[in-house]
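Observations on the three-dimensional arrangement
Next come the chains, spelled out residue by residue.
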Amino acid sequence: MNEIVEAESARSGKTPIKGHTLEELTELIHGLGEKPFRAKQIYNGLYANRYESWDEFTTIGKDLKNKLEEKFSLSPLKVAKHLKSVDGTQKFTFESVSGSGKEFESVWIPSGDGGRKTICISSQVGCTLNCRFCATAKLPYQGNLKAGEIIDQVLQVERIVGDKATNIVFMGMGEPMHNYFNVMRAAKLLHDSDAVGLGAKRITISTSGVVNGIRRFIENREPYNLAISLNHPDPNGRKEIMDIEEKFSLPELLDAAVDYTKAMKRRITFEYVMIPGVNMSPEDAKKLVKIARRMDCKINVIPLNTEFFGWRRPTREEVDEFLRLLEPAGVPILNRRSPGKDINGACGMLAAKS
Ligand code: SAH
């Protein structure tokens, strides 16, 4: 394990420009008395060319550059901490240059199948949900991230590792559906071909089961993948480990999931944290099979990473047995290896202290 602390100067007092849409930049440029096409140049420079200083915007004249430099900083984030795992995973702790002191984490996961390189990003500082198995839940909740702070996690991580991600997952700290506006705005900037330009199918939004958020997602026909952290196939059992079950019950959640697959003609992903003695019995497997058969889905099972309340990780034999019991579902099942455990970068381990 190797720790690098990046010292980046906080350009305080200026507004970070990242996170603005093309329409907003156009308005902003108009306000400075400049022609609209300048907005497109800035937009491309920020998200496609990823310029790090105003000097790099060579198509923009000196006068405008000076005006921009006076008012706006380029990056809203600085790196507070950077850890590298023995397995190649890297965890970044970011904080806002505005000096709020709030910290949140992103994870670079380079080792996926078929050359997949994933960045796992945060949508909130802490989380209001109280999932019993998740380390983020133990932190005080400190608010939503802005769109610029969300997208800049991707740009900063890619800059530092010197490589580009093939996939982005909103599976870091926070509940994306509780920060819908900023998350979808950042996703759009990641997707837009004039900005970061990632295919919509390479962007996954994960929710603990915020049904009104899923309904909004369907209504707006958001083109991204949707993942649901199911984690238990029975409402009573689910209530024991996830408070969200009190607000949106499992039957309601599964109806929304079916509607998503039908309306969007897309496969949905269920995530399932495996906890021996909690959600891995033959009875649980049977119920999960029944759920999976209702819709076009795949299941990602994740062995528990942290150990709370005396819960433990399942053994290889327990996982194999559970997977065998799930076979009748006839859907793809992936055992997520969850890399980065030595740097607390694996699923459910993100807990930057503020
Ligand atoms: N709030 C959203 C986004 C976070 S995704 C959501 O719940 O979907 C984080 C994923 O890691 C979720 O699927 C969650 O169930 C899983 N997870 C949380 N704690 C974990 C742990 N201790 N071990 C393994 N997976 C965990």
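Residues numbered from 1 in each chain as written. Predicted model: local features only at pLDDT ≥ 70, side-chain atom pairs only at ≥ 80, totals over all residues. Heavy atoms only, no water.

1. Looking at the overall build of the chain
Here is the rule: To qualify as a helix, a DSSP run of H or I must reach at least 4 residues; to qualify as a strand, a run of E must reach at least 2; elements of each kind are numbered from the N terminus. Computation of the radius of gyration draws on C-alpha atoms alone. For the globule rule, the value is 2.2 Å times the number of residues to the power 0.38. Here's how the labels work: a residue is buried when its accessible area is under 20% of the maximum for its type, exposed when over 50%, partly exposed in between, all with a 1.4 Å probe on protein chains only. Contacts were defined at the residue level, with two residues in contact if any of their heavy atoms lie within 4.5 Å.
Tallying secondary structure elements over the chain gives 11 helices and 15 strands in all. Its C-alpha atoms give the chain a radius of gyration of 21 Å, within 12% of the compact-globule value 20 Å for 354 residues. Every one of the 354 residues in the chain was classed for burial, and the buried ones make up 55%. Taking the contacts inside the chain whose residues are at least 6 apart along the sequence as the reference set, 66% of them involve residues at least 24 apart.

2. A look at the domain arrangement of the chain
For the record, the criterion: Just so you know, the domain bounds were taken from an automatic or database domain assignment. Between Lys or Arg on one side and Asp or Glu on the other, a salt bridge is scored when a side-chain nitrogen of the former is within 4 Å of a carboxyl oxygen of the latter. Any pair of nitrogen or oxygen atoms within 3.5 Å is treated as a polar contact; in protein, a donor-acceptor pairing is required on top of that, and neighbouring residues in sequence qualify only through side-chain atoms on both sides. Amino acids are sorted into nonpolar (Ala, Val, Leu, Ile, Met, Phe, Trp, Tyr, Cys and Pro), charged (Asp, Glu, Lys and Arg) and polar (every other residue, Gly among them).
As assigned here, the chain comprises domain 1 (3-73) and domain 2 (78-343). Computed from C-alpha coordinates alone, the two centres of domain 1 and domain 2 are separated by 32 Å. Between domain 1 and domain 2, the residue contacts involve 20 residues of the former and 24 residues of the latter. Our enumeration of links across domain 1 and domain 2 arrives at 5 salt bridges. With a closest N to O distance of 2.6 Å, arginine 50 and glutamate 158 form a salt bridge. Joining domain 1 to domain 2, the criterion identifies 6 residue pairs in polar contact (both at pLDDT 80 or more). Contributing elements (two or more residues each) for the side of domain 1 that touches domain 2: strand 1 (2-4) and helix 2 (37-48). Here the side of domain 1 that touches domain 2 takes 6 residues from helix 2, the largest share from any one element. Here the side of domain 1 that touches domain 2 is composed, by residue class, of 7 nonpolar, 4 polar and 9 charged.

3. Remarks on the site of the ligand
Definition in use: Nearness is judged by heavy atoms alone; a residue qualifies as near a molecule or strand once a single heavy atom is within 4 Å of it. To measure how exposed things are, a 1.4 Å probe is used in the Shrake-Rupley method; for residues, cover is taken only from the protein chains shown.
Lining the immediate environment of the ligand, one finds 22 residues, of which Phe133, Ser206, Ser229, Asn305 and Thr306 sit closest. Within the backbone of glycine 174, a nitrogen or oxygen atom sits 3.1 Å from a nitrogen atom of the ligand. At a separation of 3.4 Å, an oxygen atom of the ligand approaches a polar backbone atom of threonine 207. Surface burial for the ligand is 95%, taken as the share of its 550 Å² of free accessible area covered by protein chains. Elements represented by at least two residues in the shell around the ligand include exactly strand 11 (203-207), strand 13 (268-274) and strand 14 (297-303). Looking at the shell around the ligand, its residues break down into 10 nonpolar, 10 polar and 2 charged.

4. Quick word on helix 10 (residues 282-293)
What counts is decided by this rule: To estimate how far a helix should extend, the number of its residues minus one is multiplied by 1.5 Å. Arc definition: it is the arc formed by the directions from the helix axis to the C-beta atoms.
A rise of 1.5 Å per residue sets the reference length of helix 10, with its 12 residues, at 16 Å; its end C-alpha atoms lie 17 Å apart and thus fit the reference within 8%. If you check which residues of helix 10 are buried, you get Asp284, Ala285, Leu288, Val289, Ile291 and Ala292. Each buried residue of helix 10 sits inside an arc of 160° when the element is viewed along its axis, so together they form one side. Helix 10 presents Pro282, Lys286, Lys290 and Arg293 as exposed residues on the side facing more than 90 degrees away from its buried surface. Contact partners of the buried residues in helix 10: helix 9 (250-264), strand 13, strand 14 and helix 11 (316-326).

5. Brief notes about the pattern of salt bridges
A side chain with one charge can pair with a side chain of the opposite charge if their charged atoms come near. Enumeration over the complete set of coordinates arrives at 17 salt bridges. Linking lysine 18 and aspartate 152 is a salt bridge whose minimum nitrogen-to-oxygen distance equals 2.7 Å. Of this pair, lysine 18 sits in the loop between strand 2 (15-16) and helix 1 (22-31) while aspartate 152 sits in helix 4 (residues 147-161), and the two are 134 residues apart along the sequence. For the pair lysine 18 and aspartate 152, one class covers both residues: buried. The salt bridge partner of glutamate 271 is arginine 336, with a shortest N-O separation of 3.8 Å. With glutamate 271 in strand 13 and arginine 336 in the segment after strand 15 (333-335), this pair connects stretches of sequence that are 65 residues apart. Side by side, glutamate 271 and arginine 336 carry an identical accessibility label, which is buried.

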